[in-house]
Amino acid sequence: MVNFNGSIQTESDSKLTVNNRGYKYGDALFETLKVVNGKIFFWEDHYFRLMSSMRILRMDIPMNFTMEFLEAEILKTLEANDLLHASARVRLNVDRGEGGKYLPSDTTDVHFNIAAEPHHEPFYSIADNANYVVDLYKDYFVAPGLLSGLKSNNKAMHVIGSIYAKDNDLDNCLILNTDKQVIEALNGNLFLVKDGKIKTPPLEEGCLKGVMRKQLLELLVKDVNVIVEEASISPFELQKADELFITNVIKGIVPITKYRKKTYGSAYAQSLVGKLNAKLRLL
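S.K.: Describe in detail unusual backbone geometry, supporting the description with residues and values.
M.R.: Working note: non-glycine residues mostly have negative phi, and peptide bonds are mostly trans. A positive phi is found at Arg58, a non-glycine position, where the angle reads about 60°. The topology assignment puts Arg58 in the loop between helix 2 (43-56) and helix 3 (67-80). Although it is not a glycine, Lys180 adopts a positive phi angle of roughly 65°. With respect to the helices and strands, the residue Lys180 is situated in the loop between strand 8 (172-177) and strand 9 (182-185).

Now the structure itself:
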């Protein structure tokens, strides 16, 4: 069951037409949410990122698009799928409806749809002895700017990068910007640990304004034992790091165990997972 503009429909009945602007032009945004027992993890951060992104794309935000309204629609969708008292992955999609070419025929016409599926990991964890191998994806580069940091439906690089990773027996790839700095992974933000210092690329370099990235930065600044900075990461630094890990809301923290010939530990990532779950219990 999916939610189309507040109407719960079966998936087979709820089809987007070929004139949908999200399909034709990528004129759409989305948020991927983790929900456990009806609690949307970090919902306020997701909501304000969506509103900010809609403004950047010059979408007219409907008056009813309040945090409370969209939360209620998400929970309604979960209930229709018998997932209200379970762990779920939810995608909230916003598009500009139909009509027009590049210029929308009605700039005020904004639609939403919500889909949910089971996700069987209610809290975050790191599996012992799990291997996670990455390499650089160098076929294409991200141009820094406001648009590069949006969760829009324009994800061509991430699609072909994922195919590249699969074809080369990799678990993920790290992406470079046009200045040849490492900015993120295909599906999350990147953190580097070296000699008690932790770095993550700044948003200005083109990486996603990740919700989990924000949560971890808030946790890290409270740790007096580490130095935290948002700074450039060069490919050369990767092989000198003590730890590398990827973050997103669904998986939490994913330690990288191998990059080319370098292998990494995950001690600090493991400690962060505990702090992250402790923070969730207070929500």
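S.K.: So, the packing of aromatic side chains: which residues are in play, and what are the values?
M.R.: A full pass over the atoms with the stated rule returns 11 aromatic pairs. Between Phe41 and Tyr124 the ring centres are 6.0 Å apart and the planes differ by 65°, which places this aromatic pair in the edge-to-face class. Note that Phe41 is positioned in the loop between strand 4 (39-40) and helix 2 and Tyr124 in the loop between strand 6 (111-118) and strand 7 (133-142), a separation of 83 residues in sequence. Pairing Tyr47 with Phe48 gives two aromatic rings, centres 5.3 Å apart and planes at 75°, and the pair type is edge-to-face. Directly above the aromatic system of Phe141 lies the positively charged group of Lys180, at a separation of 4.4 Å from the ring centroid.

S.K.: Before we move on, can you summarise the packing of helix 2 against helix 3 with the specific residues and values?
M.R.: Relative orientation of the contacting elements helix 2 and helix 3 amounts to 115°, with a least axis distance of 11 Å. For the element pair helix 2 / helix 3, the angle class is roughly perpendicular. Seen from above, helix 2 lies across helix 3 with right-handed handedness. The residues of helix 3 that touch helix 2, namely those facing Trp43, Glu44, Tyr47, Phe48, Leu50 and Met51, are Met67, Leu70, Glu71 and Ile74. Among the residues making up the contact of helix 2 with helix 3, the classes are represented as eight nonpolar, no polar and two charged.

S.K.: If you had to explain the pattern of salt bridges to someone new, which residues and values would you point to?
M.R.: Two side chains of opposite charge can pair, provided their charged atoms sit close to one another. Within this structure, the stated rule accounts for 12 salt bridges. For Asp45, the salt bridge identified is with Lys214, shortest N-O distance 3.1 Å. With Asp45 in helix 2 and Lys214 in helix 5 (residues 211-220), this pair connects stretches of sequence that are 169 residues apart. Among the residues examined, Asp45 registers a relative accessible area of 18% and is labelled buried. You can call Lys214 partly exposed: its relative accessible area is 36%. Three or more residues are tied together by salt bridges with common partners; here these are Asp45, Lys214, Glu218 and Lys279.

What counts and what doesn't
Starting afresh in each chain, residues are numbered from 1 along the sequence in its written order. With pLDDT at 70 or above as the cut-off, local features in this predicted model cover only qualifying residues; side-chain atom pairs require 80 or more to be listed or tallied, and sums for whole chains, interfaces and linings still use all residues. Excluded from the side-chain calculation are hydrogens and water; included are all heavy atoms of the structure. Strands here are runs of E lasting at least two residues and helices are runs of H or I lasting at least four, both read from the DSSP assignment and numbered beginning at the N terminus. To pair, rings of Phe, Tyr and Trp, with the six-membered ring standing in for Trp, must have centres within 6.5 Å; the planes then decide the type, stacked if under 30 degrees apart, edge-to-face if over 60, and tilted in the middle. A ring is considered to have a charge above it if a Lys NZ or an Arg CZ atom is located within 6 Å of its centre and within 35 degrees of its normal. Angles shown run from 0 to 180 degrees and are taken between the N-to-C directions of axes, each axis being a line fitted to C-alpha atoms and, for helices, limited to the stretch in contact. Every angle not falling under 35 degrees, over 145, or within 65 to 115 is termed oblique; those three ranges are roughly parallel, roughly antiparallel and roughly perpendicular. Each crossing gets its hand from how the near helix is turned against the far one by less than a right angle, where anticlockwise is left-handed and clockwise is right-handed. Residue contacts follow a heavy-atom distance rule, with two residues in contact if any of their heavy atoms lie within 4.5 Å. Amino acids are sorted into nonpolar (Ala, Val, Leu, Ile, Met, Phe, Trp, Tyr, Cys and Pro), charged (Asp, Glu, Lys and Arg) and polar (every other residue, Gly among them). When a carboxyl oxygen of Asp or Glu lies within 4 Å of a side-chain nitrogen of Lys or Arg, that pair is called a salt bridge. Partly exposed residues are those whose accessible area sits between 20% and 50% of the maximum for their type, while under 20% is buried and over 50% is exposed, using a 1.4 Å probe and protein chains only.

All we've got here are geometric facts, nothing functional implied.
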